[in-house]
Amino acid sequence: MYEIWRAYSVHLFTATGAVFSMLAMLAAVDAQWSLMFLWLVVAFIVDGIDGPLARRYHVKVKAPIIDGELLDLIIDYLTYVFIPAFALFNSGLLPGWTGWIAIIVITFASVLYFADTRMKTADYSFSGFPACWNMVAVVVFATRPDFWVILALVGVLTVTMFRHVKFIHPVRTVRWRVVSLPVAVVWTVLAGWSAWADFQQPQLVTWGLIASSIYLLSVGAVQQLTARKPL
């Protein structure tokens, strides 16, 4: 009985992500971008913890009434796609028609990606950019690039969603995890720091956020290029 209760408690923990997404959305509506991103960082931390807990406590067997993967996908779409897209549109970083293009492309392409049965690879990485627009948005808010740069970034990442380009899962991708997982933790700390500082963070934090983002975005492709070919 205790094992069943423990397994369902993991689902309840995952479901808190929906609450954090609502808090983030309320902050976004009031243009409180720092607060919005802080709630998204909290949701990101929950998302990073609940998967290992679900596997450890065998929720598919012990708590089968709730579909944990579906629950996770619903929350991920809110926190990874919908709210960050709204933030990019409503913050003024993408003026006029560029904002409309961005939110249409991001929301439309991402929902198709989330429904793609081929999104996971054999080593538990992702095939194509895994629609982590929350990570993109926090770096954009922290660095404030020209809107053409933002629009180009949205375009390139959207195209890679449907290409066979590997993107790692920092926890589940075993290869180079000893480096990737600490980098992901550093990225999370720096993202939280930037949001807490109302995106007036020290330059060292900015460069650390950029460097860790580049690593997380590119390491999967590097692994793909350097993978040993079968004899």
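Residues numbered from 1 in each chain as written. Predicted model: local features only at pLDDT ≥ 70, side-chain atom pairs only at ≥ 80, totals over all residues. Heavy atoms only, no water.

**Overview of the overall build of the protein chain**
- Scanning the protein chain for helices and strands turns up nine helices and two strands.
- Its helices and strands in sequence order give the protein chain the pattern α-α-α-α-α-β-α-α-β-α-α, from N to C terminus.
- In terms of overall size, the protein chain behaves like a compact globule, its C-alpha atoms giving a radius of gyration of 18 Å where 231 residues would be expected to give roughly 17 Å.
- Each principal axis of the C-alpha atoms in the protein chain carries an extent, and together these give about 55 × 50 × 35 Å.
- Looking at the 231 residues of the protein chain, the share that counts as buried comes to 43%.
- Considering only contacts in the protein chain between residues 6 or more positions apart, those separated by 24 or more positions represent 78%.
- Counting 15 positive and 12 negative side-chain charges, the protein chain places the averaged centre of each group 13 Å from the other. (Helix = DSSP H or I, 4+ residues; strand = E, 2+ residues; numbered from the N terminus. Rg over C-alpha atoms; globule rule 2.2 N^0.38 Å. Buried < 20%, exposed > 50% of the residue type's maximum accessible area, 1.4 Å probe, protein only. Contact = heavy atoms within 4.5 Å. Lys, Arg positive; Asp, Glu negative; His and termini not counted. Charge placed at Lys NZ, Arg CZ, Asp CG, Glu CD.)

**Quick look at the packing of aromatic side chains**
- Tallying each qualifying case throughout the model produces 13 aromatic pairs.
- The rings of Trp33, Phe37, Phe141 and Phe199 are connected pair by pair, giving a single aromatic cluster.
- Its guanidinium or amino end placed over the ring of tyrosine 124, arginine 172 lies 3.9 Å from that ring's centre, counting from NZ or CZ. (Phe/Tyr/Trp six-rings, centres within 6.5 Å; stacked < 30°, edge-to-face > 60°. Lys NZ or Arg CZ within 6 Å of the ring centre and 35° of its normal.)

**Examining the nonpolar core**
- Of all hydrophobic cores here, the largest spans 56 residues; its most connected members are Met36, Phe37, Val81, Phe129, Trp133, Phe141 and Trp187.
- Those elements that place two or more of their residues in this core are helix H1 (2-29), helix H2 (33-56), helix H4 (68-90), helix H5 (97-114), helix H6 (133-143), helix H7 (147-161), helix H8 (177-196) and helix H9 (203-226).
- No other element matches H6, which puts nine residues into this core.
- If near-sequence neighbours (up to four positions away) are discounted, tryptophan 133 is found in contact with Tyr80, Val81, Pro84, Ile106, Ser110, Val154, Leu157, Thr158 and Met161.
- Counting residues in each nonpolar core, the second largest holds five residues, with Val10, Ala54, Val59 and Ala63 among its members. (Core = buried A, V, L, I, M, F, W, Y, C linked by side-chain atoms within 4.5 Å.)

**Concerning the pattern of salt bridges**
- According to the stated counting rule, one finds four salt bridges in the structure shown.
- Among the ionic pairs, glutamate 3 bridges to lysine 62, the shortest N-O distance being 3.0 Å. Of this pair, glutamate 3 sits in helix H1 while lysine 62 sits in helix H3 (residues 59-62), and the two are 59 residues apart along the sequence.
- Classification of glutamate 3 as partly exposed rests on a relative accessible area of 40%.
- A salt bridge links lysine 60 to glutamate 69, with the shortest nitrogen-to-oxygen separation between them at 3.0 Å.
- The exposed category is assigned to lysine 60, whose relative accessible area is 65%. (Salt bridge = Lys/Arg side-chain N within 4 Å of Asp/Glu carboxyl O.)

**Some thoughts on the side chain of serine 212**
- Position of serine 212 among the secondary structure elements: in helix H9.
- Relative accessible area serves as the criterion here: at 5%, serine 212 is assigned to the buried category.
- Not counting chain neighbours up to four residues away, the residues in contact with serine 212 comprise Val183 and Trp187.

**Quick word on H7**
- A rise of 1.5 Å per residue sets the reference length of H7, with its 15 residues, at 21 Å; its end C-alpha atoms lie 21 Å apart and thus fit the reference within 8%.
- Among the residues of H7, those classed as buried are Ile150, Leu151, Val154, Leu157, Thr158, Thr160 and Met161.
- In this structure, the buried residues of H7 make contact with H5, strand E1 (126-127), H6, strand E2 (166-167) and H9.
- Its side-chain oxygen placed 2.9 Å from the backbone nitrogen of tryptophan 148, aspartate 146 serves as the N-cap of H7. (Expected span 1.5 Å × (residues − 1). Polar contact = N/O pair within 3.5 Å; in protein donor to acceptor, adjacent residues only side chain to side chain.)

**So, the side chain of serine 127**
- When you line up the elements, serine 127 lands in strand E1.
- Judged by its relative accessible area of 16%, serine 127 is buried.
- Apart from residues lying up to four places away in sequence, serine 127 is in contact with Tyr113, Arg118, Met119, Thr121, Met161, Arg163, His164 and Val165.

**Some details on the packing of H6 against H9**
- Taken N-terminus to C-terminus, the directions of H6 and H9 make an angle of 150°; their axes are 10 Å apart at the nearest point. As the angle between them shows, H6 and H9 are arranged roughly antiparallel. Judged by the twist between their axes, the crossing of H6 over H9 is left-handed. Every residue of H9 that contacts H6 at Met135, Val138, Val139, Ala142 and Thr143 is listed here: Thr206, Leu209, Ile210, Ser213 and Leu216.
- By residue class, the composition of the contact of H6 with H9 is seven nonpolar, three polar and no charged. (Axes fitted to C-alpha atoms, helices over the stretch in contact; angles between N-to-C directions. Parallel < 35°, antiparallel > 145°, perpendicular 65-115°, else oblique. Left-handed = near helix turned anticlockwise from the far one by under 90°. Nonpolar A, V, L, I, M, F, W, Y, C, P; charged D, E, K, R; others polar.)

Note that all results are geometric; they support no functional claim without further evidence.
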